[in-house]
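Examining the three-dimensional arrangement
One letter stands for each residue in the lines below.
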Amino acid sequence: MKRFAVFGNPIKHSKSPIIHKLFAKQTGILQKYTKICVPIDNFHEKLLNFFKNGGNGANITIPFKKKAYKLCNTFTERAKYSGVVNTIKIMKSQEILGDNTDGIGLLQDLKNLKFIHPKSKILLIGAGGAAQGIIYSLIKFGCNITIINRTYQNAKNIIKYFHNIKNLNCIELQHFSKNLHNQLQYNLIINATSSSLKGNIPNISPLIIKSNIFYYDLFYDISLTPFLKWCRFHGAKKISDGIGMLIEQAAYSFYLWHGIMPNTKIIIQKFKKIY
Ligand code: NDP
C-alpha cells in the first residue's frame, strides 16, 4: 500500500488525514496517510527518512514550505514559480518532485464561492509560506495583489522573489493605515497570517471592513476564526474560512499522486460550517 504523510509543526489540528481517507474511499484507492509533527530544526532528516523507509509522497505545512522547496530536485510549473512546496511525490526515477497546490486550491474555492473574478483587486495580509504559495495562481488568473505584513521586509522579499511583476505590490503597514481612505478599492481581502493559531488577529484598522467586500481567512476552525469574527463584528457580510481551500488543495495533491481527481463538492459540503 502506498504511504503518505503531512509534515508540520504544530500538526495536531490538521484535517488532511481525514480528507485523504475520504478521497481514498471515494476513488477506491488504497493508501495510508498519517500526520507527523517535526521538530523545527529537524525537517530535512525526518522527511528524507520517511522517503527512505518507503514513503511515496508528502504534504508539507506550516512552517516548512520554503524548506521543502530546497529539498526537491524537480518541480511543477506552479511550484517553480512559487518557490514554496506543499506537495512532494517520489518519482520512479527517485527524483523528488515538488508541487504547490495551495494556490490552485484557493483559486478553486474562491471560484466555488463566487468571491473572485479575473480583475479582482486583492489585499493579501501576510507574507509567509502560504501567502507566497498562492500568489502565482491568483496573478495568473488576472488579479491584482497588494501585500501588507507585520514585518515589511518579508513582504518586500516576496515582491523581489516575483521579480517586481506588474500586478503585485506591497505597502508598509503604517503607510497603509494612514491612507486608509485610498485603500478601499479592494474586492477581496485574504488573511494569510498564522495569527489565528494563537487566537490573535492582524493589527489592522476595522475601517477596511465594508459590506460589499469579500473576506477569506486561510485558517479554519470548528467555530468562526478570530479574523472572521472580527470582520463579522465590524459589518462584513461575505466571509469564508479556508476549509474549502484545504479540501481543494488536498484534491490536487491526490491527483498528483494517483492521477485521479476526487469529487470535492460533497466533501466540502460535509465539512463546511454555515455561520
Ligand atoms: P508562516 O509561518 O510561513 O507565515 C506566518 C505569517 O503570519 C507571516 O506573514 C507572519 O508575519 C504572520 N503572523 C504571524 N502571527 C501574526 C500576528 N500575531 N499578527 C500579524 N501577523 C502575524 O505560515 P504559513 O504562511 O504557512 O501559514 C499561514 C496560515 O495559513 C496558517 O494559519 C495556516 O494554517 C494557513 N493555511 C491554510 C491552508 C488551507 O488549505 N486552508 C493552506 C496553507 C496555510 P511576519 O512575517 O511578521 O512574521
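Going by the structure above, here's the rest.
Residues numbered from 1 in each chain as written. Predicted model: local features only at pLDDT ≥ 70, side-chain atom pairs only at ≥ 80, totals over all residues. Heavy atoms only, no water.

**Structural notes on the pairing of strand β11 (residues 214-217)**
Here β11 shows a buried face lined by Phe214 and Tyr216 and a second buried face lined by Tyr215 and Asp217. Pairing of β11 with strand β12 (residues 238-240) involves 3 bridges; the strand directions are parallel. Across the sheet, the residue bridging to tyrosine 215 is isoleucine 239, located in β12. (Buried < 20%, exposed > 50% of the residue type's maximum accessible area, 1.4 Å probe, protein only. Helix = DSSP H or I, 4+ residues; strand = E, 2+ residues; numbered from the N terminus. Pairing = 2+ DSSP bridges.)

**Considering the packing of aromatic side chains**
For the structure shown, the criterion picks out 12 aromatic pairs. With a centroid separation of 4.6 Å and 5° between ring planes, the pair formed by phenylalanine 43 and phenylalanine 64 is classed as stacked. Highlighted residues: phenylalanine 43 in helix α2 (residues 43-52) and phenylalanine 64 in the loop between β3 (57-60) and α3 (65-71), separated in sequence by 21 residues. Exposure class is identical for phenylalanine 43 and phenylalanine 64. Each is buried. Put simply, the rings of Phe4, Tyr33 and Trp257 pair up and form one aromatic cluster. Positioned above the aromatic ring of phenylalanine 214, the side-chain terminus of lysine 238 is 5.0 Å from the ring centre. (Phe/Tyr/Trp six-rings, centres within 6.5 Å; stacked < 30°, edge-to-face > 60°. Lys NZ or Arg CZ within 6 Å of the ring centre and 35° of its normal.)

**Observations concerning the sheet that holds strand β5 (residues 87-90)**
As summarised here, the arrangement of the 6 strands in space is β2-β1-β3-β5-β6-β4, forming an open sheet in which the pairing is mixed. Two strands close off the open sheet at either side, each with one partner strand: β2 (31-37) and β4 (74-75). Pairing of strand β1 (residues 2-8) with β3 involves 4 bridges; the strand directions are parallel. Its bridge partner being in β3, valine 6 is matched across the sheet by asparagine 59. Together, β1, β2, β3, β5 and β6 (96-99) form the strand contacts of helix α10 (residues 243-258), whose direction differs from that of β5 by roughly 10°. (Contact = heavy atoms within 4.5 Å. Axes fitted to C-alpha atoms, helices over the stretch in contact; angles between N-to-C directions.)

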